[in-house]
Amino acid sequence: MAPSPPQALHLTGKQKAAILMLAVGRDKAAKLLKLLHEDEIRDISIAMASLGIVKAEAVESVCREFTKNFESPDGLVGTYETTEEFLRRALPSDQVEKIMDEIRGPAGRTMWDKLGNVQETVLANYLRSEYPQTAAVILTRLQPAHAARVLSLLPEDYATDVMMRILHMETVQRDVLDSVEATLRSEFISTLGRSTRRDSFELLAEVFNNFDRKTEARLMESMDKRNHDDMEKVKALMFTFEDIKRLPRESLMRIVNEIDREKLPLALKGASDTIRKLFLQCMSKRAGSMLLEEVASLGPVRVKDVETAQTEIVLTIKNLANAGEIDLTESAGNDEIIP
């Protein structure tokens, strides 16, 4: 293979991408650009605009390099491990660790994308120790709904201070924003990437929560035979529709306000009398009577449909728990009703 011409040896990755775009033609390049993120399109566009005249030899060299990288019949496989190995060949260890921590952190191309995928309770706990002005800058970069959930978890005085600073905030200078991003990347996102590896028992418990009852019973029995202690740990972390009876009245009131009321009659059709009574206690007498009439009017229903409705309600409950609005570890204690 002929050596690369001098011009091609000094091209950056962005410049090579720009040359490829020009080489494939406008129609194909347009299709490729639609698949890229806005930041990537901007970077390639800037590189393309500053290319000037590119010699034919350099274009051929870039195309050859691209073809060589993809000539393997098995294609390419990108994983955390292969990425880390690739980086360690080119960068110092501390820099590799920093990059990998960020990759393993919340999903998102930019810092603000990543922050938008951080759980509200985690972000609120972080902001508590920040200056109100810094918190205001961060919250203005989030989606309003996400910012609202974070603010609701902060102390009232602090949240009010942050909101007042948002109201009277002037245009944030680019260097200030860069500084905030750098701090978030080094002190928050990278730490989050190292510390939020999900517990495997919790993960499997959620998987079991989403099985239909027959599959759940079958696989639970199989798991129990294989390792009884492991299965007991998973069981302890599972939350089913019948586990609602363990929750205090305050939590159940919050749940009733959030769930899809159209799904409730179907979910209660296959529920125990205990669960039905708990829901009725959280409603007015008139609303409760109407609910019972809806349950009775359903007639025969498929078990699968009942399980699906109950699973959707359990999912809503877990979302409330993840947002810190209810605690699934609480017990209803003496408030539990014995039918």
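Scroll up to find the structure.
Computed from a predicted structure; not experimentally measured.

Asker: Would you mind going over the overall build of the protein chain with me for this structure?
Answerer: Along its length, the protein chain carries 21 helices and 0 strands. Here the protein chain holds 339 residues, and the buried ones make up 31% of them. Considering only contacts in the protein chain between residues 6 or more positions apart, those separated by 24 or more positions represent 72%. In the form shown here, the protein chain has an accessible surface area of approximately 21,900 Å², with 53% of it arising from carbon and sulfur atoms.

Asker: How should I be thinking about a nonpolar patch on the surface in this particular structure?
Answerer: A cluster of nonpolar residues, Val24, Leu32 and Leu35, forms a patch on the protein surface that exposes about 280 Å² of accessible area. In this fold, Leu35 is placed in the loop between α3 (26–33) and α4 (38–49). When its relative accessible area of 69% is taken as the criterion, Leu35 is described as exposed.

Asker: Quick question: what am I supposed to make of the environment of Leu127 here?
Answerer: For Leu127, the position within the fold is in helix α9 (residues 120–127). Residue classification places Leu127 among the buried residues on the basis of a relative accessible area of 0%. Counting along the chain gives 24 residues from Leu127 to Leu151, while the straight-line C-alpha distance between them is 9.7 Å.

Asker: How do you make sense of the nonpolar core when you look at a structure like this?
Answerer: Soluble, globular proteins show a tendency: their nonpolar side chains are buried together. In this structure, Phe241, Leu268 and Phe279 are the most contacted members of the largest nonpolar core, which totals 26 residues. Taken together, the elements giving at least two residues each to this core come down to α17 (249–258), α18 (264–269), α19 (273–281), α20 (285–297) and α21 (303–322). No other element matches α21, which puts 5 residues into this core. Leave out the neighbours within four places in its chain, and Phe241 touches Ala267, Leu268, Ala271, Ile275, Phe279, Gln310, Ile313 and Val314. Core analysis: the second largest hydrophobic core is formed by 24 residues, Trp112, Tyr126, Ala147 and Phe188 among them.

Asker: How should I be thinking about the packing of aromatic side chains in this particular structure?
Answerer: Within a pair of aromatic rings, the relevant descriptors are the distance that separates the centres and the angle that separates the planes. The tally for this structure, following the rule as stated, stands at 1 aromatic pair. Plain terms: the ring middles of Phe241 and Phe279 are 6.2 Å apart, the flat faces sit at 15° to each other, and that makes the pair stacked. One end of the pair, Phe241, is in the loop between α16 (228–237) and α17; the other, Phe279, is in helix α19, and 38 residues separate them in sequence. The same class applies to Phe241 and to Phe279, which are both buried.

Asker: I keep staring at the pattern of salt bridges and nothing clicks. Help me out?
Answerer: Where charged atoms from two side chains of opposite charge come close, those side chains can pair. A full pass over the atoms with the stated rule returns 12 salt bridges. Across the pair Asp43 and Lys14 runs a salt bridge whose closest N-O atoms are separated by 4.0 Å. Of this pair, Asp43 sits in helix α4 while Lys14 sits in helix α2 (residues 13–24); the two residues are 29 residues apart in sequence, bridging distant segments of the chain. Residue classification places Asp43 among the partly exposed residues on the basis of a relative accessible area of 24%. Look at Lys14 and you get partly exposed, because its relative accessible area is 46%. Among the charged side chains, a salt-bridge network with shared partners connects Arg174, Asp178 and Glu181.

Asker: Quick question: what am I supposed to make of α19 here?
Answerer: Residue pairs three or four apart in sequence face the same way in an α-helix, which turns once every 3.6 residues. What α19 keeps buried is the set Thr274, Ile275, Leu278 and Phe279. With its buried residues spanning 135° around the axis, α19 presents them on a single face. In this structure, the buried side of α19 is in contact with α17 and α18.

Asker: How should a negative patch on the surface be read in this particular structure?
Answerer: Among the surface-exposed residues, Asp260, Glu262, Glu293 and Glu294 lie close enough to one another that they form a single negatively charged patch. The residue Asp260 is located in the loop between α17 and α18 in this model. Given the relative accessible area of 37%, Asp260 is considered partly exposed.

Reading guide: rules and limits
Starting afresh in each chain, residues are numbered from 1 along the sequence in its written order. Under the rules for a predicted model, residues below a pLDDT of 70 receive no local features and side-chain atom pairs below 80 are neither given nor counted, while totals for whole chains, interfaces and linings still include all residues. Calculation of side-chain values draws on the structure's entire complement of heavy atoms; hydrogens and water are dropped beforehand. Secondary structure elements are defined from DSSP: runs of H or I of at least 4 residues count as helices, runs of E of at least 2 residues count as strands, and each element is numbered from the N terminus. For the exposure calls, accessible area comes from a 1.4 Å probe over protein chains only, and a residue counts as buried if that area is under 20% of its type's maximum, exposed if over 50%, partly exposed in between. Any two residues having at least one pair of non-hydrogen atoms within 4.5 Å are treated as being in contact. Only the protein chains shown count as cover for residues, and all accessible areas are computed by the Shrake-Rupley method using a 1.4 Å probe. Exposure above 30% relative accessible area and the absence of a salt bridge qualify a residue for a patch, where like charges join within 9 Å and nonpolar side chains (Val, Leu, Ile, Met, Phe, Trp, Tyr) within 5 Å. By definition, a salt bridge exists where a carboxyl oxygen of Asp or Glu is found within 4 Å of a side-chain nitrogen of Lys or Arg. For this analysis, a nonpolar core means a set of buried residues of the types Ala, Val, Leu, Ile, Met, Phe, Trp, Tyr and Cys, connected via side-chain atoms within 4.5 Å. Ring pairs are drawn from Phe, Tyr and Trp, using the six-membered ring of Trp, whenever the two centres fall within 6.5 Å, and their geometry is named by plane angle: stacked under 30 degrees, edge-to-face over 60, tilted for the rest. Starting at the helix axis, one direction is taken to each C-beta atom, and the arc is that of these directions. Here Asp and Glu are counted as negative and Lys and Arg as positive; His is not counted, and neither are the chain ends. Charge positions are represented by NZ for Lys, CZ for Arg, CG for Asp and CD for Glu.

So, to be careful, I would describe these as geometric facts and stop short of saying anything about function.
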